Amino acid sequence: QVQLVESGGGLVQAGGSLRLSCVASGRTFSIYAMGWFRQAPGKEREFVAAVTWSGGNTYYADSVKGRFTISRDNAKNTVYLQMNSLKPDDTAVYYCAAGGGTLVKVTSNYYYWGQGTQVTVSS
């Protein structure tokens, strides 16, 4: 099994920044990619960003390109999401996920999920 724990969420004004962290433990050798997804009330869970664990290839949703940066520290089993120029539309619960497939932008590609961390951006 793999356990994922997110942290770093909070309340920030529009234009501000937050850095989310996700620490993985357990059988992390089975992970191919780690991703960040978010879900706002009444909306579907959507892809935000992903990174492959070994190759370090990164992927982003169009809505966050140029503002968010995903990175990983293999030695610390940790993935980060640096969020800059935050907008009210970024308000959501952010989930860290781990999966073994190559379809890194699809929720069904992931089989381990964190508990979520709330990000609230005020106008």
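Above this text is the structure in question.
One numbering rule holds for all chains: residues counted from 1, following each sequence as written. In view of the model being predicted, local features appear only for residues whose pLDDT reaches at least 70, and side-chain atom pairs are presented and counted only at 80 or more, with totals across whole chains, interfaces and linings using the full set of residues. Excluded from the side-chain calculations are hydrogens and water; all other atoms, namely the structure's heavy atoms, are used.

A.B. asks: Hey, could you go over the environment of Arg67 for me, with residue numbers and the actual values?
C.D. replies: Here Arg67 lies in the loop between strand E6 (58–60) and strand E7 (68–73). Separated by 15 residues in the primary sequence, Arg67 and Gln82 place their C-alpha atoms 8.3 Å from one another. With near-sequence residues (within four places) excluded, Arg67 lies in contact with Gln82, Met83, Asn84, Ser85, Leu86, Lys87 and Asp90. Only DSSP runs of H or I reaching four residues or more are called helices, and only runs of E reaching two or more are called strands; each is numbered from the N terminus. Note on definitions: a residue-residue contact is assigned when non-hydrogen atoms from the two residues lie within 4.5 Å.

A.B. asks: Kindly report on the sheet that holds strand E8 (residues 78–83), identifying the contributing residues and their values.
C.D. replies: Pairing between two strands requires that DSSP report at least two bridges joining them. The four strands are arranged E1-E3-E8-E7 in an open sheet whose pairing can be described as antiparallel. Among the strands making up the open sheet, the edge pair consists of strand E1 (2–7) and E7. This sheet shows a mean twist of 15° between the axes of neighbouring strands, independent of strand direction. With six bridges connecting them, E7 and E8 associate as antiparallel partners. Paired with Asp73 across the two strands is Thr78, which belongs to E8. Note on geometry: axes are lines fitted to C-alpha atoms, helical ones only across the stretch in contact, with angles between N-to-C directions running from 0 to 180 degrees.

A.B. asks: Can you tell me about the pattern of salt bridges, naming the residues and giving the values?
C.D. replies: By salt bridge we mean one thing: a side-chain nitrogen of Lys or Arg within 4 Å of a carboxyl oxygen of Asp or Glu. Evaluation of the coordinates by the stated rule reveals four salt bridges. Between Arg38 and Glu46 there is a salt bridge; the shortest N-O distance is 2.7 Å. The salt bridge partner of Arg67 is Asp90, with a shortest N-O separation of 2.8 Å. Of this pair, Arg67 sits in the loop between E6 and E7 while Asp90 sits in the loop between E8 and strand E9 (92–99), placing them 23 residues apart in sequence. In this structure, Arg67 and Asp90 share a single accessibility class: buried. When a residue's accessible area, from a 1.4 Å probe over protein chains only, is under 20% of the maximum for its type it is buried; when over 50% it is exposed; and in between it is partly exposed.

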